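If you want the building blocks of each chain, they are given just below.
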Amino acid sequence: MFFTYPIAATTDNWISSTLLDILQSALAALQAGEEPPEFHESVPEIYQSEFLRGRKFSDLYGAFVDLCRPLEAQQRDLVLTALVGQNQFPGLFDVNTQSSGIADTLPTVHQAARNLFEYAFGKLSDLKTPGCAETVRARYHQLVHAHIESGCCPFCGLEIMEAADPDLVDPDLDHYLAASKYPFAGANLRNLTAMGTTCNRSYKGAQDILLDEVNQRVDCMDPYGQEHVSLSLNGTVLLPGGGAGPDWAMTFDPDLRSRNWRRVFNLETRLKLNVLEKQYQTWLRHCISYAQENNIDLSSRNGAIEAVGKFKNTCKYETFPTIARLKTSFFELIEAALVEPEAADRVHNFLVKVA
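First, a word on scope: everything that follows refers to the structure included in this document. (Residues numbered from 1 in each chain as written. Predicted model: local features only at pLDDT ≥ 70, side-chain atom pairs only at ≥ 80, totals over all residues. Heavy atoms only, no water.)

**Regarding the overall build of the protein chain**
What the protein chain contains, in helices and strands, is 13 helices and 4 strands. Relative to the globule expectation of 20 Å for 355 residues, the C-alpha radius of gyration of the protein chain, 26 Å, shows a markedly less compact shape. On the principal axes, the C-alpha backbone points of the protein chain span a range of 85 × 45 × 25 Å. Of all 355 residues assigned to the protein chain, the portion counted as buried reaches 49%. Accessible area for the protein chain stands at about 16,800 Å²; split by element, carbon and sulfur atoms hold 48% of it. A distance of 5 Å separates the average location of the 31 positive side-chain charges in the protein chain from that of its 45 negative side-chain charges. (Helix = DSSP H or I, 4+ residues; strand = E, 2+ residues; numbered from the N terminus. Rg over C-alpha atoms; globule rule 2.2 N^0.38 Å. Buried < 20%, exposed > 50% of the residue type's maximum accessible area, 1.4 Å probe, protein only. Areas by Shrake-Rupley, 256 points an atom, 1.4 Å probe, with all protein chains shown as cover. Lys, Arg positive; Asp, Glu negative; His and termini not counted. Charge placed at Lys NZ, Arg CZ, Asp CG, Glu CD.)

**Remarks on the pattern of salt bridges**
Taken as a whole and assessed by the stated rule, the structure comprises 21 salt bridges. For E50, the salt bridge goes to R53, with nearest N and O atoms at 2.9 Å. Classification of E50 by relative accessible area gives buried; the value is 13%. A relative accessible area of 36% places R53 in the partly exposed class. R263 is the partner of E213 in a salt bridge, and the nearest nitrogen-oxygen pair spans 3.5 Å. (Salt bridge = Lys/Arg side-chain N within 4 Å of Asp/Glu carboxyl O.)

**Re the side chain of N200**
Among the secondary structure elements, N200 is positioned in helix 8 (residues 197-204). A residue is classified by how much of its surface remains accessible, and N200, at 13% relative accessible area, is buried. Only 3.0 Å separates the side chain of N200 from the side chain of D172, close enough to count as a polar contact. Setting aside its immediate chain neighbours within four residues, N200 contacts D172, D174, M195 and G205. (Polar contact = N/O pair within 3.5 Å; in protein donor to acceptor, adjacent residues only side chain to side chain. Contact = heavy atoms within 4.5 Å.)

**Comments concerning the nonpolar core**
Where a protein is soluble and globular, its nonpolar side chains tend to be buried together. In terms of nonpolar packing, the biggest core is built from 107 residues, with V79, F155, F184, W261, F330, F331 and I334 touching the most fellow members. The element contributing the most residues to this core is helix 10 (residues 267-293), with 10 residues. Those residues in contact with F330 that sit more than four places away from it in its chain are L233, L238, W248, Y280, W283 and L284. (Core = buried A, V, L, I, M, F, W, Y, C linked by side-chain atoms within 4.5 Å.)

**Quick notes on the packing of helix 10 against helix 11 (residues 301-312)**
In a packed pair of helices, the relevant descriptors are the angle between the two axes and the axis-to-axis distance. At a minimum axis separation of 9 Å, helix 10 and helix 11 run at an interaxial angle of 110°. Classified by the angle their axes make, helix 10 and helix 11 are roughly perpendicular. Handedness of the crossing formed by helix 10 with helix 11: right-handed. Touching W283, H286, C287, Y290 and A291 of helix 10 are A307, V308, K310 and F311, all from helix 11. Split by residue class, the contact of helix 10 with helix 11 holds 7 nonpolar, 1 polar and 1 charged. (Axes fitted to C-alpha atoms, helices over the stretch in contact; angles between N-to-C directions. Parallel < 35°, antiparallel > 145°, perpendicular 65-115°, else oblique. Left-handed = near helix turned anticlockwise from the far one by under 90°. Nonpolar A, V, L, I, M, F, W, Y, C, P; charged D, E, K, R; others polar.)

**Looking at the environment of A179**
Mapped onto the elements of the fold, A179 is located in the loop between strand 1 (172-175) and strand 2 (192-195). Overall, the relative accessible area of 12% leaves A179 in the buried class. Separated by 104 residues in sequence, A179 and W283 have C-alpha atoms that sit 42 Å apart.

**Concerning the environment of V144**
Along the chain, the position of V144 falls in helix 7 (residues 136-147). By relative accessible area, which is 2% here, V144 ends up buried. Distance in space between the C-alpha atoms of V144 and A9 is 6.4 Å, their sequence separation being 135 residues.

**Topic: helix 6 (residues 107-123)**
Three- or four-residue spacings in an α-helix give side chains the same orientation, since the helix completes a turn every 3.6 residues. In this model helix 6 runs 24 Å from its N-terminal to its C-terminal C-alpha over 17 residues, within 8% of the 24 Å that 1.5 Å per residue would give. Looking at the buried residues of helix 6, the elements they touch are helix 1 (14-31), helix 4 (57-68), helix 5 (73-85), helix 7, strand 1 and strand 2. (Expected span 1.5 Å × (residues − 1).)

**Description of the pairing of strand 1**
Consecutive side chains of a regular strand alternate in pointing toward one face of the sheet and then the other. Residue alternation in strand 1 divides its side chains into two sets, D172 and D174 and L173 and H175, and both sets are buried. Pairing between strand 1 and strand 2: 4 bridges, direction antiparallel. By the bridge assignment for strand 2, D172 is matched with M195. (Pairing = 2+ DSSP bridges.)

Shown next as structure tokens:
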């Protein structure tokens, strides 16, 4: 990811944590041969009034308990393992951490859990943390929007997300680990990420971010962590010959840990076709205009070096951070080529021709 979310946005995670605690208590009671308490008897007093506004919580909890009641002790252990394991953040993102599920072994219990946490997810837009004027989801978006300076989707850096305002539609709130496979994490803010509509609906969907294209477990980037991916055009051939445009190459660091993110969001292809191929000629024209407006003589190589260097320094001010990185890297390549004995004349002549 090009940038990450603030961990503070996950502070109001009481809906998920309360439900998980209640389910664990119910499973423990069943394991002990006891009858689990009614739902609202298990809700901490501080959250009683809010959970009462969710009229389906009790019935969905009851349906889950009813399905777990006739299970053998070993089967209930599998349910508990899945419940705990699917909320093991950030440990789940490590390739060596085993992810647990019951979709195949206990499909009806899996579905009951999914029903409960999908309902809870919907209630993020309705319930409020005690003492807070905004809903949990609204408060989450406020914190995310304030943190992300560009206002762009962190997964692509190319799409503006709606601001946190009651007059606007909330940005998509994606289940980083798909709720269809990891239902117990379905309302956990640590598993939810505000995301651009294109990234979410056209690319991510319900893909399992923990698995690669052949369903092998891979390392996964933590959207609330501190690791950011750098991007450059190192390896690009500016003038491959035959009248063709640049032969693009993109370098991501770290490479291995970012591969699945790039695959899921089809990032290289999107950046190449939507940004580089579409815009590099416009960038060159803007650079030429910049030189002319600032009376820099492009007919000399020194003038071209000066123009490209100064224009490069303006690229970081692009609104979209990913475009800023690619554009800066593009002019870094041109700047470097202008001082390389083998490439300088060809690149300089190319710029003069563009001008």
